Amino acid sequence: MKTIIVTLILTTISLGLFSQNFEVPKNYKLEKAEDYAPYEKEVVKCFDWLMKTPVNEQIDKRKEANAFLLKWLSGSPTVHIEIKAEIVSFMETSPDLLFVFLGGWAKYSLESQDFDNKKAGSLAGIDSVIEFYTKNKAFMPKDKNVEKYVKMKNKGKLKEYIEKYA
């Protein structure tokens, strides 16, 4: 029993240290279609770092990470994200959550290699938003749109809602 607990503690600590080691790529060039694939792992690491780092910490690095993520997504020949107002209803009230949505969709697409599934991508993005919002609730303004998604998820109705509008 002690071995299991020690293993879990060490795993948790090492994951925390890993997330702190992410560095936003510098001097990246994203000009041609073939420039994007080499950064796919960095995009996933960037998103993981954004998710693990509280919204009120490392604000300058968060801005750099968001800029990298947005630049990569803007020209990616493989990951295509669709932003629908019925789904990304928090875009104006909580801009930080927009990056979380984009990153969640991108991570889903890259890890699953499912680039055309708008329903699954939207759901992955909203699930990420719910997780991030819940962890950072103390540092963010209350968002009734995200609160609505939290309630839907708790009632098992989120997937149905996303599939209707995606």
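As shown above, the structure is provided for reference.
Since the model is a prediction, treat every value here as computed from it, not as a measurement.

Rules used in this analysis
Residues numbered from 1 in each chain as written. Predicted model: local features only at pLDDT ≥ 70, side-chain atom pairs only at ≥ 80, totals over all residues. Heavy atoms only, no water. Axes fitted to C-alpha atoms, helices over the stretch in contact; angles between N-to-C directions. Helix = DSSP H or I, 4+ residues; strand = E, 2+ residues; numbered from the N terminus. Parallel < 35°, antiparallel > 145°, perpendicular 65-115°, else oblique. Left-handed = near helix turned anticlockwise from the far one by under 90°. Contact = heavy atoms within 4.5 Å. Nonpolar A, V, L, I, M, F, W, Y, C, P; charged D, E, K, R; others polar. Phe/Tyr/Trp six-rings, centres within 6.5 Å; stacked < 30°, edge-to-face > 60°. Buried < 20%, exposed > 50% of the residue type's maximum accessible area, 1.4 Å probe, protein only.

At a closest axis distance of 11 Å, the pairing of helix 3 (residues 59-75) and helix 4 (residues 95-112) adopts a crossing angle of 50°. Comparing their axes, helix 4 and helix 3 come out oblique. Where helix 3 crosses over helix 4, the handedness of that crossing is left-handed. Contacts between helix 3 and helix 4 involve Arg62, Asn66, Leu69, Leu70, Trp72 and Leu73 on the former and, on the latter, Asp96, Phe99, Leu102, Gly103, Ala106 and Leu110. Its residues assigned to classes, the contact of helix 3 with helix 4 shows eight nonpolar, two polar and two charged.

Summed over the entire model, instances satisfying the criterion amount to eight aromatic pairs. Between Tyr39 and Phe68, the aromatic rings sit 6.1 Å apart at their centres with planes inclined by 65°, giving edge-to-face as the arrangement. Of this pair, Tyr39 sits in the loop between helix 1 (2-20) and helix 2 (40-52) while Phe68 sits in helix 3, and the two are 29 residues apart along the sequence. Exposure remark for Tyr39: the relative accessible area of 18% places this residue in the buried category. Ring centres 5.9 Å apart and planes at 80° place the aromatic pair Phe101 and Trp105 in the edge-to-face group. Of this pair, Phe101 and Trp105 both sit in helix 4, separated by four residues, roughly a single helical turn.

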